[in-house]
Amino acid sequence: MTPHRPAREVAIVAFAQSDHRRRTDDLSEVEMVMPVLHDVLRQTGLKASDIGFTCSGSSDYLAGRAFSFTMALDGVGAWPPISESHVETDGAWALYEAWVKLLTGEADTALVYSYGKSSPGSVRDVLTRQLDPYYLAPLWPDSVALAALQAQALVDAGHTDEPALAAIAERSRSDAAANPHAQLPGARPQGEYVVQPLRTGDCPPIGDGAAAVILAAGDLARELCERPAWIRGMDHRIEAHSLGVRDLTDSPSTRLAAERAGAFERPVDTAELHAPFTSQEVVLAKALGLDESVRVNPSGGALGANPVMATGLIRLGEAAARIHRGASDRALAHATSGPCLQQNLVAVLEGDPRA
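Residues numbered from 1 in each chain as written. Predicted model: local features only at pLDDT ≥ 70, side-chain atom pairs only at ≥ 80, totals over all residues. Heavy atoms only, no water.

Where an unreviewed UniProt entry is consulted, the chain appears under the name Lipid-transfer protein, with the organism given as Streptomyces gardneri.

Have a look at this one:
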């Protein structure tokens, strides 16, 4: 299958994120988002009025009220009227929409942001609303229970074991120690079982946070950023909704998205994977063919901070930031949504060749 070739060069030129915290009772969504928006604009020198398209990602289920995303627009400034859109999912899909917008030539710049406040309620129960409403949702299997089902399938198939999962947790949170925005930096004990075989250390923290990126096309990207992170390809695919008809030890949708994005054409040096549970990194690494030469989640990944609805966008931003500062030349970024890696997005980012 031939990867899709973008007809126009588009790059991530700036990335900003909040300090992710267990609770932000003192902040509204607007107050949480605004500093991040100001930061990402400051990096490029652009004003809000310079942005050609704005797209956001969030979930009304987390906020507990319909059309909650319209309140966050107060942080952007929607007057005079702007070209704006919203996706009811992780901000990585908002970035995809903005990327397509720039590819069509309808805009030269785009602001993408996402946010999530998981602290007010039980996010494990909120996420059950993603399930099939006839067979699964009435049983109320929460997100950790379903992840444990996937982890046990991996163990039973011989693809991993509990010590291997513990090693992933230790590596991720040790790497998060160098990330000033992480919620859980530094290695820590695995703790008690949450749902066997997953222990506390195998699961993501519950917390609040926001992130934003700016996209720009062509020569404008080079004007705004010393080393843009060019999006060489991006694709997203979805598995069957019913968990009972899927092989939970594999992720064909991730593999197909990566193939369509051109990830297998040449090796990548970095992979930012949206794997909230240690067991999901096992599935993704297998689907993407990652070996020990690839630096996986140097930011600490979702185990270091997991602001639901922003974590996937952060993976794209972290991969781009490594290219900006010269720590990576070709990076893969992955985002997921839904139970047990149901929906998957893969992007390939590259920096200009070094002089």
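Enquirer: For this particular structure, what's the right way to read the nonpolar core?
Expert: If you look at soluble globular proteins, the nonpolar side chains tend to sit buried side by side. Core analysis: the largest hydrophobic core is formed by 37 residues, its most contacted members being Ile12, Leu95, Val213, Leu215, Ile231 and Leu316. Built from parts of two domains, this core gets at least three residues from each of domain 1 (10–122 + 206–224) and domain 2 (132–199 + 229–350). Leaving out residues up to four positions away in the same chain, Ile231 has contacts with Pro6, Val10, Ala11, Ile12, Leu95, Trp99, Leu215, Val348 and Leu349. Membership of the second largest hydrophobic core comes to 27 residues, among which are Ile51, Phe69, Val76 and Cys225. (Core = buried A, V, L, I, M, F, W, Y, C linked by side-chain atoms within 4.5 Å. Buried < 20%, exposed > 50% of the residue type's maximum accessible area, 1.4 Å probe, protein only. Domains from an automatic or database assignment. Contact = heavy atoms within 4.5 Å.)

Enquirer: How should the domain arrangement of the chain be read in this particular structure?
Expert: Often the size quoted for an interface is simply the accessible area lost on bringing the parts together. Considered domain by domain, the chain is made up of domain 1 (10–122 + 206–224) and domain 2 (132–199 + 229–350). Between the C-alpha centres of domain 1 and domain 2 the distance comes to 22 Å. With 41 residues of domain 1 in contact, the opposing surface of domain 2 contributes 36 residues. Roughly 2,800 Å² is buried in total at the junction of domain 1 and domain 2, and carbon and sulfur atoms are behind 67% of that figure. Looking at the side of domain 1 facing domain 2, the largest losses of area belong to Ile12, His20 and Trp93, adding up to 25% of the total buried there. Taken together, the connections running from domain 1 to domain 2 amount to 15 residue pairs in polar contact (both at pLDDT 80 or more). Mapped onto the side of domain 1 that touches domain 2, the elements with two or more residues apiece are strand E1 (10–17), helix H4 (91–103), strand E4 (109–117), strand E7 (208–217) and helix H8 (218–224). No other element matches E1, which puts seven residues into the side of domain 1 that touches domain 2. A per-class count over the side of domain 1 that touches domain 2 returns 21 nonpolar, 14 polar and six charged. (Buried area = accessible area lost by both parts, 1.4 Å probe. Polar contact = N/O pair within 3.5 Å; in protein donor to acceptor, adjacent residues only side chain to side chain. Helix = DSSP H or I, 4+ residues; strand = E, 2+ residues; numbered from the N terminus. Nonpolar A, V, L, I, M, F, W, Y, C, P; charged D, E, K, R; others polar.)

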